[in-house]
Amino acid sequence: LHGKQHSCPTRRSSDLMKDNPDMEIVACQVADFDRAKGMSVMENILQANPEIDGLYAANDEMLLGALEAMEAAGRTDEIVKIGCDAIDDTLDAMKAGKVDATIAEPPFFLGKAILNTAYDYLEGKQVEPYVILDNQLVTQDTVDSLVTKE
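Residues numbered from 1 in each chain as written. Predicted model: local features only at pLDDT ≥ 70, side-chain atom pairs only at ≥ 80, totals over all residues. Heavy atoms only, no water.

Draft legend 1. The arrangement of the overall build of the protein chain in detail. A tally of helices and strands in the protein chain yields 5 helices and 4 strands. Referenced to the eigenvectors of the C-alpha coordinate spread, the extents of the protein chain come out at roughly 55 × 35 × 30 Å. A burial count over the protein chain gives 31% of its 150 residues as buried. For the protein chain, the proportion of contacts with a sequence separation of at least 24, taken over those separated by at least 6, is 65%. When the accessible surface of the protein chain is summed, it comes to about 9,800 Å², and 51% of that surface belongs to carbon and sulfur atoms. Computed over 13 positive and 28 negative side-chain charges, the inter-centroid distance for the protein chain is 4 Å. (Helix = DSSP H or I, 4+ residues; strand = E, 2+ residues; numbered from the N terminus. Buried < 20%, exposed > 50% of the residue type's maximum accessible area, 1.4 Å probe, protein only. Contact = heavy atoms within 4.5 Å. Areas by Shrake-Rupley, 256 points an atom, 1.4 Å probe, with all protein chains shown as cover. Lys, Arg positive; Asp, Glu negative; His and termini not counted. Charge placed at Lys NZ, Arg CZ, Asp CG, Glu CD.)

Draft legend 2. Up close: the pattern of salt bridges. In the structure shown here, the tally under the stated rule is 8 salt bridges. When the shortest N-O distance is used, the salt bridge between Lys81 and Asp100 registers 3.9 Å. Here Lys81 is found in strand β2 (residues 80–84), whereas its partner Asp100 is found in the loop between α4 (88–95) and β3 (101–104), with 19 residues between them in sequence. Notably, a salt bridge pairs Glu150 with Lys112, separated by 2.4 Å at the nearest N-O pair. (Salt bridge = Lys/Arg side-chain N within 4 Å of Asp/Glu carboxyl O.)

Draft legend 3. Representation of the sheet that holds β3 within the structure. Spatially, 4 strands are ordered β1-β2-β3-β4 in an open sheet, and the strand pairing comes out mixed. The sheet terminates laterally at β1 (54–56) and β4 (136–139), the two strands that pair on one side only. The average angle at which neighbouring strand axes cross in this sheet is 15°, direction not considered. Across 4 bridges, the pairing between β3 and β4 is antiparallel. Bridge pairing links Ala104 to Gln136 in β4. Together, β1, β2 and β3 form the strand contacts of helix α3 (residues 60–73), whose direction differs from that of β2 by roughly 155°. (Pairing = 2+ DSSP bridges. Axes fitted to C-alpha atoms, helices over the stretch in contact; angles between N-to-C directions.)

Next up, the structure:
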């Protein structure tokens, strides 16, 4: 599930597909970073595809909506579910065994980096043109040790 139109991976996925010829992407749909839309889009994907091995959602809100659709369809156990952002609801779902992984890009640290950069800029300091935050794959094994806030 992707957030915006035209954001479905192309070059990276084609490289991935070359390295994994047995892999097939059955759908790449937009859900506007929205939980309700993630649920609706996933309902349609589930109806159209009797076999799905995995789901990657570009943010956790869409993942959680998709999870609701999978639960309603009774298909949660057959699909590996990975999101992005490590929001509290997703971490809770991981601890409950409902989500397999998320990529931690906690909004708290994004906001902090934005505010610190803006402050430095307003103080006349030199700022980098890009601020790149670290991210971390969070799995069932690491979810309890993840820090998402200070």
